Amino acid sequence: MQLNFHISSSVYRTLTVLGVAVILVWSIGAGWSKGKSMADAGQVLANADRLVTGLDYFYNDQDRYPTALEFDSGLMHAYFTSFPPHNFTSSQCPESYSYKRNSASQYLLGFCLPVATNGFRQGWNSSTQGR
């Protein structure tokens, strides 16, 4: 017994168009996701730079860096135009920033990037500042 299976040309064209459409939609989604991650990483870096600048202003005024409790308080609004900075969460980065004061004259600012960018790796990076 031999089975003959025949697909009409209109069904074949329809399946081909659907296949191409699925690939196109997937490609657009993947590109959008990567673009969003790149934009988020750029904003995290820009915010980290602003945090460093604000912390330097705090040091110039107070002759010390803020404690972790002060960093999370309303006191820091005087040193930043927007505080706290926006968190850009991802599976890799549940938080975007961390702050730890090692001493009155030194702190560690951590920042988490959803993708590698500008020489920084994906995930947690840190910057130690001191005087």
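In what follows, the structure referred to is the one given above.
Residues numbered from 1 in each chain as written. Predicted model: local features only at pLDDT ≥ 70, side-chain atom pairs only at ≥ 80, totals over all residues. Heavy atoms only, no water.

Enquirer: Which parts of the structure should I look at to understand the overall build of the protein?
Expert: Counting its secondary structure elements, the protein contains two helices and three strands. Taking 14 Å as the expected radius of gyration for a compact globule of 131 residues, we find that the protein reaches 25 Å, considerably beyond that expectation. Taken along the three principal axes of its C-alpha coordinates, the protein extends 90 × 30 × 25 Å. When each of the 131 residues of the protein is scored for burial, the buried share is 30%. In the structure as shown, the protein presents an accessible area of about 8800 Å², 58% of it carried by carbon and sulfur atoms. Both charge centroids of the protein, one from 9 positive and one from 8 negative side chains, sit 12 Å from each other. (Helix = DSSP H or I, 4+ residues; strand = E, 2+ residues; numbered from the N terminus. Rg over C-alpha atoms; globule rule 2.2 N^0.38 Å. Buried < 20%, exposed > 50% of the residue type's maximum accessible area, 1.4 Å probe, protein only. Areas by Shrake-Rupley, 256 points an atom, 1.4 Å probe, with all protein chains shown as cover. Lys, Arg positive; Asp, Glu negative; His and termini not counted. Charge placed at Lys NZ, Arg CZ, Asp CG, Glu CD.)

Enquirer: Please clarify how the pattern of salt bridges should be interpreted in this entry.
Expert: Pairs can form between side chains of opposite charge once their charged atoms are near each other. Enumeration over the complete set of coordinates arrives at two salt bridges. Across the salt bridge formed by Lys36 and Asp40, the nearest N and O atoms sit 2.9 Å from each other. Taken together, the positions of Lys36 and Asp40, both in helix α1 (residues 9–62) and four residues apart, correspond to about one turn of that helix. Residue Arg64 pairs with Glu70 through a salt bridge whose shortest N-O separation is 2.7 Å. (Salt bridge = Lys/Arg side-chain N within 4 Å of Asp/Glu carboxyl O.)

Enquirer: Hey, could you run me through a nonpolar patch on the surface in this one?
Expert: A contiguous nonpolar patch, built from Ile7, Val11, Tyr12, Leu15 and Leu18 and spanning about 490 Å² of accessible area, is present on the exposed surface. If you trace the backbone, Leu18 turns up in helix α1. (Patch = residues over 30% accessible without salt bridge, like charges linked within 9 Å, V, L, I, M, F, W, Y side chains within 5 Å.)

Enquirer: Explanation requested: the environment of Lys36 in the structure shown.
Expert: On the basis of relative accessible area, Lys36 is assigned to the partly exposed category, the value being 39%. In this structure, the C-alpha to C-alpha distance between Lys36 and Ala104, residues 68 residues apart in sequence, is 37 Å.

Enquirer: Looking at this model, I keep getting lost on unusual backbone geometry. Mind explaining?
Expert: Working note: non-glycine residues mostly have negative phi, and peptide bonds are mostly trans. For Asp63, which is not a glycine, the phi torsion comes out positive at approximately 60°. Among the secondary structure elements, Asp63 is positioned in the loop between α1 and α2 (68–71). By relative accessible area, Asp63 is classed as exposed at 59%. With a phi close to 50°, Asn118 is a non-glycine residue in the positive phi region. Within the secondary structure, Asn118 sits in the loop between β2 (106–113) and β3 (123–130). Taking relative accessible area as the criterion, Asn118 reaches 64% and is therefore assigned exposed.

Enquirer: Looking at this structure, I do not really get the nonpolar core. What am I missing?
Expert: Burial of nonpolar side chains together is a common tendency in soluble globular proteins. Residues Leu51, Leu55, Phe71, Met76, Tyr107 and Phe111 are the most contacted members of the largest nonpolar core, which totals 23 residues. Listed by contribution, the elements that provide at least two residues to this core are α1, β1 (97–103) and β2. A per-element tally of this core places α1 first, with nine residues. Leaving out residues up to four positions away in the same chain, Leu55 has contacts with Tyr65, Pro66, Phe71, Met76, Phe80, Tyr99 and Tyr107. (Core = buried A, V, L, I, M, F, W, Y, C linked by side-chain atoms within 4.5 Å. Contact = heavy atoms within 4.5 Å.)

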